[in-house]
Amino acid sequence: MKKITQFFTALLASFALVCQAQANEKISLLLDWFINPDHANIVVAQQKGFFAKQGLEVAIIEPTDPSMPPKLVAAGKGDIAVNYQPQLLMQVDEGLPLVRVGTIVGTPLNSLTVLESSKINKLEDLKGKKIGFSVSGFEDSLLEKMLSDVGLHKQDVELINVNWALSQSLLSKQVDAVIGTLRNFEPHELNLEGHQAKLFYPEQYGVPSYEELIFVVQAGKQNDAKIAKFLTALEQATAYIKQNPTQAWQDFVSYKPKELDNELNRRAWKDTIPLLSDNVRKLDKDLYQQVAQFMLDSKLIKSLPALDRYAVEVGQ
């Protein structure tokens, strides 16, 4: 009799799990790049079941073209995309129907990087030097503002498109400095190659602080209940990570052990975790307005959009 009872208990438990899986709402999440510690709370929410507990089945998609996720979401071909605050403003200015609903990293990660051995000790030393970049537009304006803050102009340096090979172009001495490096990654990448990096932060040279990584959805879908559930799962995952960073690292690399479990990611993980937004939903209206004004002054957008048109704070 006891065995029969155990059998039916197990059967009911299995049935409940099947019913739960069938009831889960599906969400497609398009990342900005291949999975790395910047996506810590996303991956941990998946691996630890925080999404499932919210009744969600999340498909995490790594793009072959990093520029496409926001465009696909705007076209209704994806639910959520990881994006960048400055790029969002340019996309909205171009007419893409996108709305920010959450934040992953609420501070800049971007930096201007040189090697310690370059003898470039201050930004003024960049006069007459070669600076590598990967993406024109915002990075050009960011660099121009940094240079002007120390009395230089863009004409005082030579800009070279290094096609994402930022660290490599420094090591090969193709350029003297690079803009667009992430302060939680490239310094470690260079260090693993036996070099020390020196970083200059845009927000210390006249550039307003901005949110590096955000979530966007198609305009009109920001109040969808599954978006609120998604953000709740991320907040739970972030709290778990910060309380259990060592175990959370193991949870993170378990997603793709061969690709994620390496020294570069291990070092980047330690730098990234403190930067994850605890309150994913929170919208800093002043910050968004300051960045929008900077973008307008830099002629990156044609007009100032109404804040509620492109950024909202989603309720629980």
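Predicted model only: the values in this text are computed from it and were never measured. (Residues numbered from 1 in each chain as written. Predicted model: local features only at pLDDT ≥ 70, side-chain atom pairs only at ≥ 80, totals over all residues. Heavy atoms only, no water.)

Chemist: Help me understand the overall build of the protein chain in this model?
Modeler: When its secondary structure is counted, the protein chain shows 14 helices and ten strands. For 316 residues, the compact-globule formula gives about 20 Å, and the C-alpha radius of gyration of the protein chain, at 22 Å, lands near that figure. By its C-alpha atoms, the protein chain is 85 × 45 × 30 Å across when sized along the principal axes. In the protein chain, which comprises 316 residues, the share counted as buried stands at 49%. Restricting to contacts in the protein chain with at least 6 residues of sequence separation, those with at least 24 account for 81%. By element, 51% of the accessible surface of the protein chain is carried by carbon and sulfur atoms, the whole surface being about 15100 Å². Measuring between centres, the 33 positive side-chain charges of the protein chain sit 5 Å from its 38 negative side-chain charges. (Helix = DSSP H or I, 4+ residues; strand = E, 2+ residues; numbered from the N terminus. Rg over C-alpha atoms; globule rule 2.2 N^0.38 Å. Buried < 20%, exposed > 50% of the residue type's maximum accessible area, 1.4 Å probe, protein only. Contact = heavy atoms within 4.5 Å. Areas by Shrake-Rupley, 256 points an atom, 1.4 Å probe, with all protein chains shown as cover. Lys, Arg positive; Asp, Glu negative; His and termini not counted. Charge placed at Lys NZ, Arg CZ, Asp CG, Glu CD.)

Chemist: Even after reading the chapter, I still don't get the pairing of strand S6 (residues 130-133), so can you show me in this structure?
Modeler: In the case of a regular strand, side chains alternate between the two sheet surfaces. Here four bridges tie S6 to strand S7 (residues 158-161), and the two strands are oriented parallel to one another. By the bridge assignment, Gly 132 is partnered in S7 with Ile 160. In this fold, S6 hands off to helix H6 (residues 138-149), which returns the chain to S7; that crossover is right-handed. Sheet analysis places S6 next to strand S8 (residues 177-182), joined by two bridges and oriented parallel. Along S8, the bridge assignment pairs Gly 132 with Val 178. (Pairing = 2+ DSSP bridges. Right-handed = clockwise from strand over helix to strand, strands pointing away.)

Chemist: Looking at this structure, I do not really get the nonpolar core. What am I missing?
Modeler: A general feature of soluble globular proteins is that nonpolar side chains tend to end up buried together. With 44 residues, the main nonpolar core has Phe 215 and Phe 230 as its most contacted residues. At nine residues, helix H9 (residues 225-243) tops the list of elements feeding residues into this core. Leu 89, Val 92, Ile 214 and Tyr 288 belong to the second largest nonpolar core, which has 43 residues in total. (Core = buried A, V, L, I, M, F, W, Y, C linked by side-chain atoms within 4.5 Å.)

Chemist: In this structure, what is going on with the sheet that holds strand S3 (residues 80-83)? I would like to understand it.
Modeler: Pairing between the strands of a sheet comes from backbone hydrogen bonds, and it takes one of two forms, parallel or antiparallel. Strand order in the open sheet made by the five strands is S2-S1-S3-S10-S4, with mixed pairing throughout. A single partner strand is all that each edge strand has here, and the edge strands are strand S2 (56-61) and strand S4 (98-105). Pairs of neighbouring strands in the sheet enclose a mean axial angle of 25 degrees, with direction left out of account. Across three bridges, S3 lies against strand S10 (residues 213-218) in antiparallel orientation. Looking at S10, one finds that Asn 83 is bridged to Ile 214. Together, strand S1 (25-30), S2, S3, S4 and S10 form the strand contacts of helix H2 (residues 40-47), whose direction differs from that of S2 by roughly 135 degrees. (Axes fitted to C-alpha atoms, helices over the stretch in contact; angles between N-to-C directions.)

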